[in-house]
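So you can see what is in the structure, the chains are spelled out below.
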Amino acid sequence: AWLHSNNPEEHGYVPEEARERFSLTGRRKDSSAPRGVPVETVPDGVEVMRDSSLKYKDKTRLLVCQRCYKLQHYHKLDTFVKGGFYRMEGGRDWEHEAEIVEKIVRRMRKGSVVLMIVDILDFESSLVPELFDGCRNRKFPVIIIVNKVDCLLDTMKTDKEKGLARLKVWVRRMSRQIRNVHANDVILASSQSGF
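Residues numbered from 1 in each chain as written. Predicted model: local features only at pLDDT ≥ 70, side-chain atom pairs only at ≥ 80, totals over all residues. Heavy atoms only, no water.

**Student:** What is the right way to look at the overall build of the chain in this model?
**Tutor:** Tallying secondary structure elements over the chain gives seven helices and seven strands in all. Reading the helices (α) and strands (β) of the chain from amino to carboxyl end gives α-β-β-α-β-β-α-β-α-α-β-α-α-β. The buried share of the chain, reckoned over its 195 residues, is 32%. Within the chain, contacts between residues at least 6 apart in sequence are counted, and of these 68% link residues at least 24 apart. For the chain, the exposed area adds up to about 14700 Å²; of that, 52% sits on carbon and sulfur atoms. (Helix = DSSP H or I, 4+ residues; strand = E, 2+ residues; numbered from the N terminus. Buried < 20%, exposed > 50% of the residue type's maximum accessible area, 1.4 Å probe, protein only. Contact = heavy atoms within 4.5 Å. Areas by Shrake-Rupley, 256 points an atom, 1.4 Å probe, with all protein chains shown as cover.)

This is the structure in structure tokens:
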């Protein structure tokens, strides 16, 4: 979605004060300086410790929308955004979502496997029910890859294996409630931590 500062209920909303801190290209250089007091000379017998790590290197920050920022930094969603990302083009709603998905499914080769990546923190919005209809009609196997599972691992205090198995069952139940979707497999993943 395009980044804008018009309506906080739409995808890509960035508050004006946050946008002013970035350049027109949506980038900002952040640099951190080492703590301590710089000195001109070092007394005899004092060993100077050098830090060769990259933690003091300049970092480039990218401008992200308010919703993505809250997900990345606070792992929560306060505001609901209308529609999923596939329903938007240039800021307007598509007339028929099924037409878009139909075009995508029609271009797939025979024997293809569909890997659907869904966000565990925003499951209902990231699931595309129309895609399952098209895949079922063409008999494509669907594998659901659930992303951001590492955000839930901290809440599983006792048996993580049992908790992950219960999460897979929950994903299967939720996907069946949406147009009776049958996934061939459910894979739990995290793109950030490599889980």
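**Student:** Mind showing me how you'd approach the side chain of S190 here?
**Tutor:** With respect to the helices and strands, S190 occurs in the segment after strand 7 (185-188). Judged by relative accessible area, which is 5%, S190 ranks as buried.

**Student:** Got a minute to help me understand the pattern of salt bridges in this structure?
**Tutor:** A side chain with one charge can pair with a side chain of the opposite charge if their charged atoms come near. All told, the structure shown has four salt bridges when counted by the stated rule. The salt bridge partner of D119 is K148, with a shortest N-O separation of 3.1 Å. With a gap of 29 residues between them, D119 in strand 5 (residues 114-119) and K148 in the loop between strand 6 (142-147) and helix 6 (150-153) connect regions that are remote in the sequence. You can call D119 buried: its relative accessible area is 14%. A salt bridge links D185 to R172; its shortest N-O distance comes to 3.8 Å. Note that D185 is positioned in strand 7 and R172 in helix 7 (residues 160-177), a separation of 13 residues in sequence. (Salt bridge = Lys/Arg side-chain N within 4 Å of Asp/Glu carboxyl O.)

**Student:** Help me understand the packing of aromatic side chains in this model?
**Tutor:** On inspection of all chains with the given rule, the structure shows zero aromatic pairs. The cationic tip of R28 hangs over the ring face of F22; the distance from NZ or CZ to the ring centre is 4.7 Å. (Phe/Tyr/Trp six-rings, centres within 6.5 Å; stacked < 30°, edge-to-face > 60°. Lys NZ or Arg CZ within 6 Å of the ring centre and 35° of its normal.)

**Student:** Can you walk me through unusual backbone geometry in this structure?
**Tutor:** Trans is the common state for peptide bonds, and a negative phi is the common state for residues other than glycine. Unusually for a residue other than glycine, K139 sits at a positive phi of about 60°. Given a relative accessible area of 72%, K139 falls into the exposed group. Of note in this structure, K148 is not a glycine but carries a positive phi near 70°. Of the residues examined, K148 reaches a relative accessible area of 25% and is grouped as partly exposed.

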